[in-house]
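For reference, the chains in residue letters:
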Amino acid sequence: MKITTIGIDLAKNVFQVHGVDERGKAVVRKALKRGQVLPFFANLQPCLIGLEACGSAHYWARKLQGQGHTVKLMAPQFVKPYVKTNKNDAADAEAICEAVGRPTMRFVPIKNEEQQAILAVHRARQGFVKARTAQANQIRGLLAEYGIAIRQESVTSPRTCRTFWKTARTDCPGCFAN
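Residues numbered from 1 in each chain as written. Predicted model: local features only at pLDDT ≥ 70, side-chain atom pairs only at ≥ 80, totals over all residues. Heavy atoms only, no water.

## A word on the sheet that holds strand 1 (residues 5-9)
The five strands lie next to each other as 3-2-1-4-5, forming an open sheet whose pairing is mixed. The open sheet is flanked by strand 3 (26-33) and strand 5 (70-74), the only strands paired with a single partner. The average angle at which neighbouring strand axes cross in this sheet is 20°, direction not considered. Strand direction decides the pairing type here: strand 2 (residues 14-20) and strand 3, joined by seven bridges, are antiparallel. Its bridge partner lying in strand 3, F15 is registered against L32. Where helix 4 (residues 89-100) meets the sheet, its contacts fall on strand 1, strand 2, strand 4 (48-52) and strand 5, and the angle it forms with strand 1 comes to roughly 140°. (Pairing = 2+ DSSP bridges. Helix = DSSP H or I, 4+ residues; strand = E, 2+ residues; numbered from the N terminus. Axes fitted to C-alpha atoms, helices over the stretch in contact; angles between N-to-C directions. Contact = heavy atoms within 4.5 Å.)

What follows is the structure in structure tokens.
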């Protein structure tokens, strides 16, 4: 029983593993807890492992490559057509296993830790920009209640928000009394 291809459906605590031999016959269908994943793959001969691309997939790909396996990441939308039955973790692992062996499948490059760190910074910044825009729109809405109209484009910068806020306080001092 030589496993040639494995599909792993990643989750928070329990990972579903589906492995096939060279003839395509399923030889492994197993649920592994997070702590059991690396010891399980350390005892296997090097094989092809497929994962759906997500944040933690890059971590697991690096760990499994370190054990000598060939790891390929795929976008979830490319794996979805291979799910045969109702969506569950075991069916997803089987679909990943089947999809990774397809010759025309498109794969996602595995990111190193530095690349993931930079992406995390960009995502955090994007969240701050989104929060700032939401707050600016909220201020614009509050000022509109007092009859002060502000163009939407002008509220996006903090300096412009402060200017309009000062203007609003001087134009309507009774509205902003403490």
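## So, the packing of aromatic side chains
Applying the stated rule across the entire model yields three aromatic pairs. Ring centres of F15 and W60 lie 5.3 Å apart, and the angle between their planes is 90°; this geometry places the pair in the edge-to-face category. Placement of the pair is F15 in strand 2 and W60 in helix 2 (residues 55-66), with a sequence separation of 45 residues. The buried category is assigned to W60, whose relative accessible area is 4%. Between Y59 and W60, the ring centres sit 5.1 Å apart and the planes meet at 80°, which makes this aromatic pair edge-to-face. Grouping aromatic residues by their ring pairs yields a cluster made of F15, Y59 and W60. (Phe/Tyr/Trp six-rings, centres within 6.5 Å; stacked < 30°, edge-to-face > 60°. Buried < 20%, exposed > 50% of the residue type's maximum accessible area, 1.4 Å probe, protein only.)

## Comments concerning the environment of H69
Checked against the element boundaries, H69 lands in the loop between helix 2 and strand 5. Judged by relative accessible area, which is 4%, H69 ranks as buried. Sequence-wise, H69 and C47 are 22 residues apart; in three dimensions their C-alpha atoms are separated by 5.2 Å. Leave out the neighbours within four places in its chain, and H69 touches F41, L44, Q45, P46, C47, I49 and L64. A polar contact is formed between the side chain of H69 and the backbone oxygen of F41, at a distance of 2.9 Å. (Polar contact = N/O pair within 3.5 Å; in protein donor to acceptor, adjacent residues only side chain to side chain.)

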